[in-house]
Amino acid sequence: MFYVYTIRDQIILPAGCLGQDYETVIKKIIRSKYIGKILVNEGLCVTIIDFSTGILVVQPGAGDLLISVVVEVLIFCPLIGEVLLGKISEISVDGIQVSLGFINVFIPDKNLNQPNKYDKDLNTWNWVYDKNEFMYVVGDEIRFAVKSLHFKEEESDKNSNTIIGMCNGEGLGPVLWWRQFKSITYEKWTAQSY
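Residues numbered from 1 in each chain as written. Predicted model: local features only at pLDDT ≥ 70, side-chain atom pairs only at ≥ 80, totals over all residues. Heavy atoms only, no water.

A. Spotlight on the overall build of the protein chain. Along the protein chain, the regular secondary structure elements total two helices and 14 strands. As presented, the protein chain carries roughly 11600 Å² of accessible surface, and 54% of it is formed by carbon and sulfur atoms. (Helix = DSSP H or I, 4+ residues; strand = E, 2+ residues; numbered from the N terminus. Areas by Shrake-Rupley, 256 points an atom, 1.4 Å probe, with all protein chains shown as cover.)

Pasting the structure below:
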């Protein structure tokens, strides 16, 4: 899900920044270039772990510095089928949006527990199971599996990329459902065992 990736790059330090703290300016440039961006064939850059600088070359004309850097970043790229935990952030007629805090996951209605139905008055999806309805509620923690990744084949912003999830399997769905189910099952087992 997460791994460390090393990038060798060159950045430009504008001449106007030369009077400022060198390391702070470089760190700001590196963060704006990588954090929250998709790296081709790698995943989403979540944070900068460390960096080092190399050769400095003064650019003719403007006096900017071209600096070679080696940057260690933390990449998020879940595996297909990997089970993740997030919070339901939005519900619509098309499905539910789940936030992982740094990227959103979309779970279309066809990937929710089946059979289900959408309640337009309450703006909720409900799983209909054994004559009971279990609701997906904004703010609830939800366990889901990664169904597919749709990252563009170029560096791009995280908002234009999508992770598609599914929660139509045992143990998947709002965590509260399974806590209640476990509690009910345990109580039945305890009552039957005596």
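B. Expanded view of the sheet that holds strand β8 (residues 116-119). Pairing is antiparallel in the open sheet, where three strands are placed in the order β8-β9-β10. Strands at the two margins of the open sheet, each flanked by one partner only, are β8 and β10 (132-136). Recorded for the sheet is a direction-independent mean angle of 30° between the axes of neighbouring strands. (Pairing = 2+ DSSP bridges. Axes fitted to C-alpha atoms, helices over the stretch in contact; angles between N-to-C directions.)

C. Layout of the nonpolar core. Grouped together as the largest cluster of nonpolar side chains are 25 residues, with contacts concentrated most on Ile96, Ile107, Tyr136, Ile142, Phe144 and Cys167. If one sorts the elements of this core by residue count, strand β11 (residues 141-150) sits on top with four residues. Apart from the residues lying within four places of it in its own chain, the contact partners of Ile107 are Gly95, Ile96, Val98, Leu112, Ile142, Phe144, Gly165, Met166 and Cys167. The next biggest cluster of nonpolar side chains, apart from the first, holds 18 residues, and it includes Leu13, Val25, Leu39 and Ile75. (Core = buried A, V, L, I, M, F, W, Y, C linked by side-chain atoms within 4.5 Å. Buried < 20%, exposed > 50% of the residue type's maximum accessible area, 1.4 Å probe, protein only. Contact = heavy atoms within 4.5 Å.)

D. The arrangement of the pairing of strand β4 (residues 65-76) in detail. One ladder, built from 12 bridges, connects strand β1 (residues 2-13) with β4; its direction is antiparallel. For Thr6, the partnering residue across the bridge sits in β4 and is Glu72. Inspection of the sheet shows strand β3 (residues 43-58) paired to β4 by 11 bridges, in the antiparallel sense. Across the sheet, the residue bridging to Val57 is Leu66, located in β4.

E. Molecular detail of the environment of Asn123. Tracing the backbone shows Asn123 in the loop between β8 and β9 (124-129). Given the relative accessible area of 32%, Asn123 is considered partly exposed. Each C-alpha atom, one on Asn123 and one on Val93, is 7.7 Å from the other, the two residues being 30 residues apart in sequence. Those residues in contact with Asn123, other than ones at most four positions away along the chain, are Ile91, Ser92 and Tyr118.

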